[in-house]
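The chain contents come next:
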Amino acid sequence: MINRVLIRIKVLQIVYAFYQNGNGNLKTAEKELLFSLQKSYDLYHYFLLLIIDVTNLHERIVDNRKHKLRPTEEDMNPNMRLINNRFVKQLAENKALKQYCNEHGLSWSNDQGFIKSVHDILLASEQYTSYLNNPDDSYETDQEFWRAFFKKQICGNDMIEEYLEDKSIYWNDDIEIIETFTLKTIKRFSESNEANQPMLPMFKDDEDRDFAITLFRQSLLKGDEYRERINRHMKNWETERIAQMDLIIMQIALAEIMNFPSIPTSVTLNEYIDAAKYYSTPKSGLFINGILDSIVNELKKEKLLFKD
């Protein structure tokens, strides 16, 4: 589930912090990297829990209205479609989700104001109105409602993103990526799997986990070597004017180019040029592209790099 785009971002953040903190302990920094990746996986489970908790809140509100001193006809005969949503019932019973949340202590119990805000968004949404009026009463309709609501109302919602960023500093750059995996999970659910529907794994395979560890270690262990080569290609630039983040991005990019023969150089360059546009200055992408392209050509001439 944690893809290489997110891994690169996390490595960049931890390596940057490593240097900002005065070149701390490598083992401690590596633990921080793994913890940061784990928090991304937590967010995935939090998003799925959000669906359950919003539904549970709706059920409590409906039940409370039935027990008012003078309930209306609507209070006594509410539309139960959301409460009886088959997809949510299956999600709430999912063994893997429950086990992970129990083991890691994940819960929205201290965030009831936030749950209510999301519930308010749901009640006011076009997706909810269409869902209540849909004559097709099926598992697929129940599932599609939550997929559509999550995509249209949760993804990209400024209030929700700000709340999540305040809840954990580790989620500042994770939200958009994890939202896509949550949508994929909703779509993958099958009624026939009942409580045994598999969740997406933290890493697609061992190769991706090894990629994270190796990229991080090589970026730091060979950092001086990479910096020396980078500096040689910056002779026409005023070093003090170059952003520290640019240097770190190029350092990590070289670590990837030199240590992962199966990843095309062009893929690596594009990934880190994009990272520079987001994490550094507006001109950083062009600058980094020029320096790295020059270094790659040099490495090929020295027969230290054999891939395209």
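Use the structure listed above.
Chemist: Please give an account of the overall build of the protein that cites residues and values.
Modeler: Regarding its fold elements, the protein presents 15 helices and zero strands. Over its C-alpha atoms, taken along the principal directions, the protein stretches across nearly 80 × 40 × 35 Å. Taken as a whole, the protein presents about 16300 Å² of accessible surface, with 48% of it coming from carbon and sulfur. Each charge class in the protein was averaged separately, 39 positive and 48 negative side chains, and the resulting centres sit 3 Å apart.

Chemist: Pulling in residues and values, what's your account of helix α7 (residues 126–133)?
Modeler: Looking at α7, one finds that the buried residues are Gln127, Tyr128 and Tyr131. Angular distribution of buried residues about the axis of α7 spans 95°; they occupy a single face of the element. For α7, the exposed residues lying more than 90 degrees away from the buried face are Glu126 and Asn133.

Chemist: Requested: an account of the nonpolar core, with residues and values cited.
Modeler: Counting residues in each nonpolar core, the largest one holds 98 residues, and the members touching the most others are Ile2, Phe47, Leu50, Phe87, Trp146 and Met250. Looking at this core, the element that brings in the most residues is helix α2 (residues 26–66), giving 15 residues. When neighbours within four sequence positions are excluded, Met250 is seen to be in contact with Ile230, Met234, Phe287, Ile288, Ile291 and Leu292.

Chemist: Tell me about the packing of aromatic side chains, and name the residues and values.
Modeler: With the rule as written, the count across this model stands at 17 aromatic pairs. Centroid distance Phe18 to Tyr19: 5.6 Å. Interplanar angle 85°. Geometry classified as edge-to-face. Here Phe18 matches Tyr19 in class, with each residue buried. For the ring pair Tyr46 and Trp171, a centre distance of 5.4 Å and an interplane angle of 70° mean the geometry is edge-to-face.

Chemist: Report on helix α11 (residues 206–221), specifying residues and quantitative values.
Modeler: Given a rise of 1.5 Å per residue, 16 residues ought to cover 22 Å, and the 22 Å separating the end C-alpha atoms of α11 matches this to within 8%. Among the residues making up α11, those that are buried are Asp208, Phe211, Ala212, Ile213, Leu215, Phe216, Gln218, Ser219 and Leu220. For α11, the elements touching its buried residues are α1 (4–20), α2, α12 (223–232), α13 (244–259) and α14 (265–279). At the N-terminal boundary of α11, the capping side chain belongs to Asp205, with an oxygen 3.1 Å from the backbone nitrogen of Glu207.

Chemist: Describe in detail the packing of α2 against helix α8 (residues 139–154), supporting the description with residues and values.
Modeler: It is at 12 Å that the axes of α2 and α8 come closest, and there the two elements cross at 105°. Judged by the angle between their axes, α2 and α8 are roughly perpendicular. Contacts between α2 and α8 pair Phe47, Leu50, Ile51, Val54 and Thr55 from the former with Trp146, Phe150 and Ile154 from the latter. Looking at the contact of α2 with α8 residue by residue, the class counts come to seven nonpolar, one polar and no charged.

Chemist: Describe the pattern of salt bridges, listing the residues and the values that go with them.
Modeler: All chains considered together, the criterion is met by 16 salt bridges. Arg4 serves as the salt-bridge partner of Glu207, at 3.4 Å between the closest nitrogen and oxygen. Placement of Glu207 in helix α11 and of Arg4 in helix α1 is noted, with a sequence separation of 203 residues between them. Ionic pairing is found between Glu298 and Arg232, a salt bridge with its closest N-O pair at 3.4 Å. Of the two residues, Glu298 is situated in helix α15 (residues 284–301) and Arg232 in helix α12; the sequence distance between them amounts to 66 residues.

Chemist: A description of the side chain of Gln197 should follow, citing residues and the corresponding values.
Modeler: Take Gln197: it is sitting in the loop between α10 (175–188) and α11. Among the polar contacts listed, one links the side chain of Gln197 to the backbone oxygen of Arg188, at a separation of 3.3 Å. The residues touching Gln197, leaving out its near neighbours within four places in the chain, are Gln90, Asn94, Arg188, Phe189 and Ser190.

Chemist: Can you break down the environment of Thr182 residue by residue, with the values?
Modeler: Tracing the sequence through the fold places Thr182 in helix α10. Separated by 19 residues in the primary sequence, Thr182 and Pro201 have C-alpha atoms spaced 12 Å apart. Excluding anything up to four places from it in sequence, Thr182 contacts Tyr44, Phe47, Leu48 and Phe150.

Chemist: Give me the lowdown on the environment of Phe203, citing residues and values where you can.
Modeler: In this fold, Phe203 is placed in the loop between α10 and α11. Sequence separation of Phe203 and Ile2 is 201 residues, and the distance between their C-alpha atoms is 5.4 Å. In this structure Phe203 touches Met1, Ile2, Ile7, Leu37, Asp208 and Arg209, once residues within four positions along its chain are discounted.

Chemist: Quick one: what's the story with unusual backbone geometry, residue by residue and with numbers?
Modeler: Negative phi values dominate among residues other than glycine, just as trans dominates among peptide bonds. With a phi angle near 50°, Glu194 is a residue other than glycine that sits in the positive phi range. Considering the arrangement of structural elements, one finds Glu194 in the loop between α10 and α11.

Chemist: Can you tell me about the packing of α12 against α15, naming the residues and giving the values?
Modeler: A packed helix pair is summarised by two numbers, namely the angle formed by the two axes and the spacing between the axes. One way to put it is that α12 packs onto α15 with a least axis distance of 10 Å and a crossing angle of 105°. When the axis of α12 is compared with that of α15, the two are roughly perpendicular. Residue-level inspection shows Arg229, Ile230 and Arg232 of α12 in contact with α15, the latter providing Ile291, Ile295, Glu298 and Leu299. Residue composition of the contact of α12 with α15, grouped by class: four nonpolar, no polar and three charged.

What counts as what
Residues numbered from 1 in each chain as written. Predicted model: local features only at pLDDT ≥ 70, side-chain atom pairs only at ≥ 80, totals over all residues. Heavy atoms only, no water. Helix = DSSP H or I, 4+ residues; strand = E, 2+ residues; numbered from the N terminus. Areas by Shrake-Rupley, 256 points an atom, 1.4 Å probe, with all protein chains shown as cover. Lys, Arg positive; Asp, Glu negative; His and termini not counted. Charge placed at Lys NZ, Arg CZ, Asp CG, Glu CD. Buried < 20%, exposed > 50% of the residue type's maximum accessible area, 1.4 Å probe, protein only. Arc of directions from axis to C-beta. Core = buried A, V, L, I, M, F, W, Y, C linked by side-chain atoms within 4.5 Å. Contact = heavy atoms within 4.5 Å. Phe/Tyr/Trp six-rings, centres within 6.5 Å; stacked < 30°, edge-to-face > 60°. Expected span 1.5 Å × (residues − 1). Polar contact = N/O pair within 3.5 Å; in protein donor to acceptor, adjacent residues only side chain to side chain. Axes fitted to C-alpha atoms, helices over the stretch in contact; angles between N-to-C directions. Parallel < 35°, antiparallel > 145°, perpendicular 65-115°, else oblique. Nonpolar A, V, L, I, M, F, W, Y, C, P; charged D, E, K, R; others polar. Salt bridge = Lys/Arg side-chain N within 4 Å of Asp/Glu carboxyl O.

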